[in-house]
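One letter stands for each residue in the lines below.
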Amino acid sequence: MNIAILSSGPGWHVRDLMRAAALLGHVAEPVDFRRVVASVPNESSLSRFDAIIVRTMPPGSLEQVVFRMDVLHQLEAAGRRILNPPRALEACIDKYLASTRLDAAGLPTPPTAVCQDAEAAIDAFHRLGGDVVVKPLFGSEGKGMIRVSDLEIAWRAFRTLERTQAVLYVQQFVHHPGWDLRVFVVGGRVLTAMRRHAKDDWRTNVAQGGRTEPVSITAEEERLALAAARAVGTTVAGIDLLPRPGGGYFVLEVNAVPGWRALAPTTGIDVARAILCHLE
């Protein structure tokens, strides 16, 4: 196969996918998502590829992001295999849409309010117990998240975000034991999983200094992860399961462009090869 890896540069994951593709006899080529062009009748600079792996959605204007998704939809309609499918990317990039899909599937998620002004966010702050996590609607790796448990700080934070025309995604803080599970799903099955321990913080993300260890998940943890992947339509996904007070888990997030730089050495699994084998 001739495979495009949509990215914004030759980062570690791109190089790992190119390595795995070469091992399996395929050609994988990095393509800068910001340089994609298209024309009518249905043609684009990606038309020569048999399959496409999306590794990033670079920042851009609303028009740029919509255009990029339009191109992926057109390629999918023309029979190209895309990981992840465009509808799954749209759902997971948008935390609100992902949360509604998970909730509609009957999966437990933390109580959340999504607002467009500071006054509504303050009301949500009180309803959610006065201890919340404010997240960017689009974002990953724990970047841009803040925990707020003081009313004055909450008011200032919400006002600041309001002035930038941001959507305020306000989620009840979940008191957890300092770790969560990252479950990696490929093609409707659990490939592997790890436990992530927070380092001097409430965030467990490895990008924020979290420590990892391999783990064998239970049947219930597997059921939750697979159900979450199905709910948003992902073929390849990183599912974050957060322990709930009193037992069980919240499905915290489904990442449709999941990383495995920490997961692969932690678990000893060649994740890039597994993704390419599924693509085959």
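Summary of the structure given here. Please read all numbers here as calculations on a predicted model, not as lab measurements. (Residues numbered from 1 in each chain as written. Predicted model: local features only at pLDDT ≥ 70, side-chain atom pairs only at ≥ 80, totals over all residues. Heavy atoms only, no water.)

Attention shifts here to the sheet that holds strand 6 (residues 81-83). Taking strand neighbours across the sheet as the criterion, the four strands line up as 2-1-5-6 in an open arrangement whose pairing is parallel. Among the strands making up the open sheet, the edge pair consists of strand 2 (27-32) and strand 6. Neighbour to neighbour, the strand axes of the sheet diverge by 20° on average, direction disregarded. As paired strands, strand 5 (residues 51-54) and strand 6 are joined by three bridges and run parallel to one another. By the bridge assignment, A51 is partnered in strand 6 with R81. Strands strand 1 (2-7), strand 5 and strand 6 of the sheet are contacted by helix 2 (residues 62-77), whose axis makes an angle of about 140° with strand 6. (Pairing = 2+ DSSP bridges. Helix = DSSP H or I, 4+ residues; strand = E, 2+ residues; numbered from the N terminus. Axes fitted to C-alpha atoms, helices over the stretch in contact; angles between N-to-C directions. Contact = heavy atoms within 4.5 Å.)

What follows is about the sheet that holds strand 7 (residues 112-115). Strands sit in the order 7-10-8-9 across an open sheet of four strands; the sheet is antiparallel. Either end of the sheet is taken by a strand with one partner, and the two such strands are strand 7 and strand 9 (146-148). When strand polarity is set aside, the average angle formed by the axes of neighbouring strands in this sheet is 25°. On the sheet, helix 5 (residues 118-127) packs against strand 7, strand 8 (132-135), strand 9 and strand 10 (168-172) and is oriented at approximately 175° with respect to strand 7.

Remark: helix 2 packs on helix 3 (residues 86-93), axes separated minimally by 9 Å, with the N-to-C direction vectors making an angle of 150°. One way to sum up the angle between helix 2 and helix 3 is to call them roughly antiparallel. In this structure, helix 2 uses M69, L72, H73 and E76 to contact helix 3, whose residues at the interface are P86, R87, L89 and E90. Tallied by class, residues from the contact of helix 2 with helix 3 come to four nonpolar, one polar and three charged. (Parallel < 35°, antiparallel > 145°, perpendicular 65-115°, else oblique. Nonpolar A, V, L, I, M, F, W, Y, C, P; charged D, E, K, R; others polar.)

Between helix 1 (residues 12-23) and helix 9 (residues 271-279), the shortest axis-to-axis distance is 8 Å and the interhelical angle comes to 60°. Considering the angle they form, helix 1 stands oblique to helix 9. The way helix 1 lies across helix 9 gives a crossing that is right-handed. Contacts between helix 1 and helix 9 involve D16, L17, R19, A20 and A21 from the former and A272, R273 and L276 from the latter. When the residues that make up the contact of helix 1 with helix 9 are grouped by side-chain class, the tally is five nonpolar, no polar and three charged. (Left-handed = near helix turned anticlockwise from the far one by under 90°.)

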